[in-house]
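Architecture at a glance
Chain residues, written in single-letter form:
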Amino acid sequence: MATSPILQLDKVSKSYGETFAIRDVSLNVDRGELVCLLGPSGCGKTTLLRIIAGLETLDSGTISFRGEDLYGMAPHSRGFGFMFQDLALFPHMDVFGNVGFSLRMQGMSSDQVRMRVDEMLELVDLGDYRNRKVHELSGGERQRVALARSLAPAPKLLMLDEPLGSLDRVLRESLQAQVHSILKEIGVTAIYVTHDKEEAFALADTIVFVNGGQVVQSGPPEALFRAPATEMVARSLGLRNIIEGTVVRASESVEIASSAGTLSTAGPLPDGLAVGDGVLVIINERSVSIAPVHHEWAEMGIKLSGVMNEQKFRGGESEIHMTVGRSELVSIVPTLDAQTEMTSGDEVSVLVPPEAVTLLPSAEA
Ligand code: ADP
């Protein structure tokens, strides 16, 4: 079902003195969508969130919510909710007091407050914790109380700024799954800031990759993985098979002379590229396959010769490292399908299907 965006940013810019914190950002968020702003520290994620919240003014551009321009509207009138890394739970109140605080401030009756707080505590699986003091909670429980508190007033839009940033990795990963299912269960529209790609992948319907105050690329996580728009996005996503090449021929298919050998991908050439141009070639780690040297491939694609360097087991998946031409490449395969017939130093056959290859303009172009 087609939806129209609930939040629209159009060419929003903000600078502090000479520094552009946000430059020409346009962004649409659909109702119920979970958008992650992902990017390195200092790229402008928090500033963007604060502008949407009304805590920061914008220099130019417009922000509208449900079609209404938010210019000049006070933060509290926007009806948005927040959850920050610094949770700011009230230490002198118990869990019930914290979650119900803003509801009492809104003038809800005590019966209504009790019902809503109980509903929220059930949602975050802390139904039995209503009388606990904040200092009697674990880190993860505090985070869930903070989430219940920010959801209690039924915000029209929830903004989360690195809410799990202070937790250790194991706790963070388990909470990511919980936060995702809670936000989806309640169906709230949410913008979640993080610099951690794993977190963005665990949570997002849409990842908005920000760098230098600009949106570099946005889309569903799998689309960014399949076709990263820039080398920086590719490297930030952890892609490793990024090699140099030159476009040799372009018609229905595109032929590239690369440091791994001659490669081919489906045409046409991406905009801005021409025959003779230097390119960066990304070979999808999960689509490239390796087999013993005399293997007869049934699949379509370019076959290259290489040498297997090592195989690393990483739980359910295994990484096979190999040298192909002048390049070091990695192939990721399910551990159960991993090759047992090859060992380090063996000559191997490497299959690169056309859909495994993505071309980007080279950085010097
Ligand atoms: P992120 O959240 O991605 O780490 P920020 O939005 O906090 O990035 O910062 C973006 C840029 O704007 C940085 O260069 C930062 O130093 C600058 N900046 C942010 N807030 C202010 C401010 N109040 N005054 C001056 N510069 C600021």
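On a predicted model such as this, the values are computed, not experimentally measured, just so you know.

Before going further, it helps to examine the sheet that holds strand β17 (residues 317-324). The five strands lie next to each other as β15-β19-β16-β17-β18, forming an open sheet whose pairing is antiparallel. The outermost strands of the open sheet, each flanked by one partner alone, are β15 (289-292) and β18 (327-334). Strand-to-strand twist in this sheet, taken as the mean axis angle between neighbours without regard to direction, amounts to 45°.

Partitioning the chain into domains gives domain 1 (7-235) and domain 2 (242-361). Every contact between the two is made by eight residues of domain 1 and, on the other side, five residues of domain 2. Taking both sides of the interface into account, the surface hidden between domain 1 and domain 2 amounts to around 530 Å²; carbon and sulfur atoms contribute 66%. The largest per-residue losses of area from domain 1 upon contact with domain 2 belong to P228, E231 and R235, which jointly make up 54% of the total buried on that side. At the junction of domain 1 with domain 2, the criterion picks out zero salt bridges. If you tally residues by element for the side of domain 1 that touches domain 2, the top one is helix α8 (residues 231-236), at three residues. Classifying every residue of the side of domain 1 that touches domain 2 by side-chain character gives four nonpolar, one polar and three charged.

All right, on to the pattern of salt bridges then. Overall, the coordinates contain 17 salt bridges when judged by the stated rule. Across the pair E285 and R240 runs a salt bridge, and its minimum N-O distance is 3.4 Å. Pair noted here: E285 is in the loop between β14 (278-283) and β15 and R240 is in the loop between α8 and β11 (242-250), with a separation of 45 residues, a long-range link. When its relative accessible area of 6% is taken as the criterion, E285 is described as buried. On the basis of relative accessibility, which here comes to 35%, the residue R240 falls in the partly exposed class. Linking E310 and K312 is a salt bridge whose minimum nitrogen-to-oxygen distance equals 3.9 Å. K312 gets classed as partly exposed once you look at its relative accessible area, which sits at 28%. Residues joined by salt bridges that share partners form a network here, namely R169, R172, E173, D196 and E199.

Close to the ligand lie Y16, A21, P40, S41, G42, C43, G44, K45, T46 and T47, which account for all nearby residues. Contacts to the ligand include K45, whose side-chain N or O atom sits 2.9 Å from an oxygen atom. In the complex, the protein chains occlude 58% of the 560 Å² of accessible area that the ligand would expose alone. Of the residues forming the shell around the ligand, the biggest block, three residues, is contributed by helix α1 (residues 45-53).

The next point concerns the sheet that holds β11. Taken together, five strands build an open sheet; the order of strands is β13-β12-β11-β14-β20 and the sheet is antiparallel. Only two strands of the sheet have a single partner each, and these edge strands are β13 (261-266) and β20 (357-361). Adjacent strand axes in the sheet meet at a mean angle of 40° when their direction is disregarded. Bridging between β11 and strand β12 (residues 253-258) involves five bridges; their strand directions are antiparallel.

Next up on the list: α1. Most of α1 sits inside the fold, with seven of its nine residues counted as buried. Within α1, the full set of buried residues consists of K45, T47, L48, L49, I51, I52 and A53. One or two positions beyond α1, positive phi appears at G54, with a value near 90°.

Let's shift gears to the environment of P220. In this fold, P220 is placed in the loop between β10 (214-219) and α7 (221-226). Spatially, the C-alpha atom of P220 lies 7.5 Å from that of A204, the residues being 16 residues apart in sequence. P220 has contacts with D205 and T206, leaving out every residue within four places of it along the chain.

With that out of the way, let us pick up the side chain of E285. A distance of 2.8 Å separates the side chain of E285 from the backbone nitrogen of R240, its partner in a polar contact. Residues within four places of E285 in sequence aside, it is in contact with G238, L239, R240, N241, V330, S331 and I332.

About the criteria used
- Residues numbered from 1 in each chain as written.
- Predicted model: local features only at pLDDT ≥ 70, side-chain atom pairs only at ≥ 80, totals over all residues.
- Heavy atoms only, no water.
- Pairing = 2+ DSSP bridges.
- Helix = DSSP H or I, 4+ residues; strand = E, 2+ residues; numbered from the N terminus.
- Axes fitted to C-alpha atoms, helices over the stretch in contact; angles between N-to-C directions.
- Domains from an automatic or database assignment.
- Contact = heavy atoms within 4.5 Å.
- Buried area = accessible area lost by both parts, 1.4 Å probe.
- Salt bridge = Lys/Arg side-chain N within 4 Å of Asp/Glu carboxyl O.
- Nonpolar A, V, L, I, M, F, W, Y, C, P; charged D, E, K, R; others polar.
- Buried < 20%, exposed > 50% of the residue type's maximum accessible area, 1.4 Å probe, protein only.
- Near = heavy atom within 4 Å.
- Polar contact = N/O pair within 3.5 Å; in protein donor to acceptor, adjacent residues only side chain to side chain.
- Areas by Shrake-Rupley, 256 points an atom, 1.4 Å probe, with all protein chains shown as cover.

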